[in-house]
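This is what each chain is made of:
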Amino acid sequence: MQIHFLTAAPARPPRARVRVANQDALPADLPAVVREGAAAARFTAKPAQSHEAFVESDGRVERLLLVGLGETGAAGRMGSIERAGAVVSIRFLTSGEAAVLVDLGGSGLSPVETAAFLLGLRLRAWRHDAYRTKLPDEQKVTLKDVFVLGAPEGAEAEWARESALCEGVEFTRRLVTEPGNVLYPESFVAAVQERVAGTGLEVRVLDDAEMRALGMGALLGVAQGSVRPARILAMVWNGGAAGAKPFAFVGKGVTFDTGGISLKPGAGMEDMKWDMGGAGAVAGAMLALALRKAKAHVVGICGLVENMPDGGAQRPGDVVTSMSGQTIEVINTDAEGRLVLADVLTWTQKEFQPAGIVDLATLTGAMMMALGSEYAGIFANDEPLAEALLAAGKASGDKLWRFPLGTAYDKLIDSPIADMKNMGARTAGAITAAQFIQRFIEKGTPWAHLDIAGVVWADKAGATWDKGATGYGVRLLDRYVRDALEQPERP
Ligand code: BES
Ligand code: MN
Ligand code: ZN
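Calculation rules
- Residues numbered from 1 in each chain as written.
- Chains lettered and ligands numbered in written order.
- Predicted model: local features only at pLDDT ≥ 70, side-chain atom pairs only at ≥ 80, totals over all residues.
- Heavy atoms only, no water.
- Pairing = 2+ DSSP bridges.
- Helix = DSSP H or I, 4+ residues; strand = E, 2+ residues; numbered from the N terminus.
- Donors = N, O, S within 2.8 Å, 3.2 Å for Na, K, Ca; no water.
- Tetrahedral: all angles 85-135°; square planar, octahedral: opposite > 155°, others 65-115°.
- Buried < 20%, exposed > 50% of the residue type's maximum accessible area, 1.4 Å probe, protein only.
- Near = heavy atom within 4 Å.
- Polar contact = N/O pair within 3.5 Å; in protein donor to acceptor, adjacent residues only side chain to side chain.
- Areas by Shrake-Rupley, 256 points an atom, 1.4 Å probe, with all protein chains shown as cover.
- 1 Å grid on protein atoms, 1.4 Å probe; cavity = no way out; pocket = protein on both sides within 12 Å on 5 of 7 lines; lining within 4 Å.
- Sits in = over half its atoms within 2 Å of the grid points.
- Nonpolar A, V, L, I, M, F, W, Y, C, P; charged D, E, K, R; others polar.
- Contact = heavy atoms within 4.5 Å.

Enquirer: Even after reading the chapter, I still don't get the sheet that holds strand β12 (residues 327-329), so can you show me in this structure?
Expert: Strand-to-strand pairing in sheets goes through backbone hydrogen bonds, with the strands running parallel or antiparallel. Reading across from one edge, β11-β12-β16 is the order of the three strands in this open sheet, with mixed pairing throughout. Single-partner strands in this sheet number two, and they are β11 (319-321) and β16 (420-421). As judged from the two bridges shared by β12 and β16, these two strands associate in the parallel manner. Within β16, the residue paired with Ile 328 across the bridge is Met 420.

Here is the structure:
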């Protein structure tokens, strides 16, 4: 879908028009039939409330959608505006209309608010219909162009930034949605290389021979049960001051997680195609940063493997040596994400000496049990980093809830045969997973681990996504870069 800014009303406007309404001030110039019709239908311009009408104007019938923004100055106003934008897509995406005119005249929306409206509109319009060859006509997307009229001065520049963010979220959703036979480590790399070509993002790839030479026994132990070779993908965006240390985003990219020899039950196993949601978020965030030319030095690193059970697969009880030199007893081959992250994090620190690290991973079912799909869990060894991420979560809508770390939890992963084992007891599963990862973080490096198992995939539609891939993490990381790295003086 394309969004175009207009400076004057088009000579031949599309049949569909959108007007936005504040709860405290409906547009004054609505035709009486719309104003009275809306009132009769109890439309009061509550956030994301809508009312559709048909009116005659200049001898033709116009389709008019009135969308509510809620009270001006209300708490959560930006979120309400995004949801209102999303309603435009819900109503018109498959409506038969090819174009709509969004008439913001008299709405009082600021440039930033206008961009938020369009962000909601665009994000809610994303679909993945590539494999549906028999879609009935009335379910096909018809909306192609959105014309924006009456936007305030400066809105287009704000939108340029938000549209880069949309590209990132959409790319993440695509990666997360692709099935395991299509998306595997090598094809993940190829998809990123193709998508970021020409953006100025530098891409580096490690193949299995290089990983073996580096001693990545933990990551390769997971990969050895699959015919698909593993990859590490690094994306470098250097828009920061010369010589500035990079900040690192690291993603778990298990392109399919069967559990390995500790095989998962069959029911619902198809969900494990999105066990690369952390890597997907990192790739989407890096794309967004490059497209909007962020003034920061950031590296995004994805650990890409497939976890399969074949004759070469690792066994429960195997002991592997990680790149850090630490040995791990693999109690359960289904606790593979931490094994992948262990080596990727070691490599990230050796290779880039980052100023700080945030890792994202669909790491544990326990996190899903704890938080459901509203919040992702955050663990951190550094207060300012935790605070900045929690704030970015609030501002972006990709919400975070903090969990504890501590030596008592750490003890639970001691092993009788190796330096550690890859799972703890039956309880506190998300925390022992985080403790495991922390053992691979060098002293003095600020680090946060985000367990996003519950938020990557939605069973029902949300504010700015349909059911399926949410794109969680892209907006969070982009917001963190904006507020903490590009403007470090901001609280
Ligand atoms: N990818 C899963 C975690 C997961 C489960 C994410 C369900 C999203 C939905 C991870 O690799 C895993 O299998 N974790 C195990 C760890 C356990 C064996 C210690 C889990 O959480 O059950
Ligand atoms: Mn697993
Ligand atoms: Zn997994």
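Enquirer: What is the right way to look at the coordination of the zinc ion (ligand 3) in this model?
Expert: Each angle at a metal carrying four tetrahedral donors should ideally be 109.5 degrees, and each at a metal carrying six octahedral donors should ideally be 90 or 180 degrees. Coordination of the zinc ion (ligand 3) by the protein involves Lys 252 (NZ), Asp 257 (OD), Asp 275 (OD) and Glu 336 (OE), with metal-donor separations of 2.0 to 2.4 Å. Coordination at the zinc ion (ligand 3) is octahedral: its six donor atoms span angles of 78 to 175° at the metal. Written as a sequence motif, the donor arrangement for the zinc ion (ligand 3) is K-x4-D-x17-D-x60-E. Between the zinc ion (ligand 3) and the manganese ion (ligand 2), a spacing of 3.2 Å is present, and a bridge between the two is formed by Asp 257. With Asp 257 in strand β9 (residues 247-257) and Asp 275 in the loop between β9 and α8 (277-291), the pair connects residues that are 18 residues apart, well separated along the chain. Relative accessible area serves as the criterion here: at 2%, Asp 257 is assigned to the buried category. Asp 275 gets classed as buried once you look at its relative accessible area, which sits at 2%.

Enquirer: When you look at the coordination of the manganese ion (ligand 2) in this model, what are you seeing that I'm missing?
Expert: Taken together, the protein ligands of the manganese ion (ligand 2) are Asp 257 (OD), Asp 334 (O), Asp 334 (OD) and Glu 336 (OE), with distances of 2.1 to 2.2 Å. Viewed at the metal, the six donor atoms of the manganese ion (ligand 2) are separated by angles of 70 to 166°, and the geometry they form is irregular.

Enquirer: Looking at this structure, how should I read the site of ligand 1?
Expert: Among the 18 residues in the neighbourhood of ligand 1, the closest are listed as Lys 264, Asp 275, Asp 334, Glu 336 and Gly 365. Within the side chain of Asp 275, an N or O atom sits 2.8 Å from a nitrogen atom of ligand 1. Contact with the protein chains removes 80% of the 520 Å² of surface that ligand 1 exposes when unbound. Using a 2 Å cut-off from the grid points, one finds that ligand 1 occupies the second largest pocket. Taken together, the residues of the shell around ligand 1 sort by class into seven nonpolar, four polar and seven charged.

Enquirer: So what exactly am I meant to see when it comes to the side chain of Thr 432 here?
Expert: By the secondary structure assignment, Thr 432 is in helix α13 (residues 429-438). Here Thr 432 falls in the buried class, since its relative accessible area comes to 1%. Filtering out sequence-adjacent residues up to four positions away, Thr 432 remains in contact with Tyr 409, Leu 412, Ile 413 and Gly 424.

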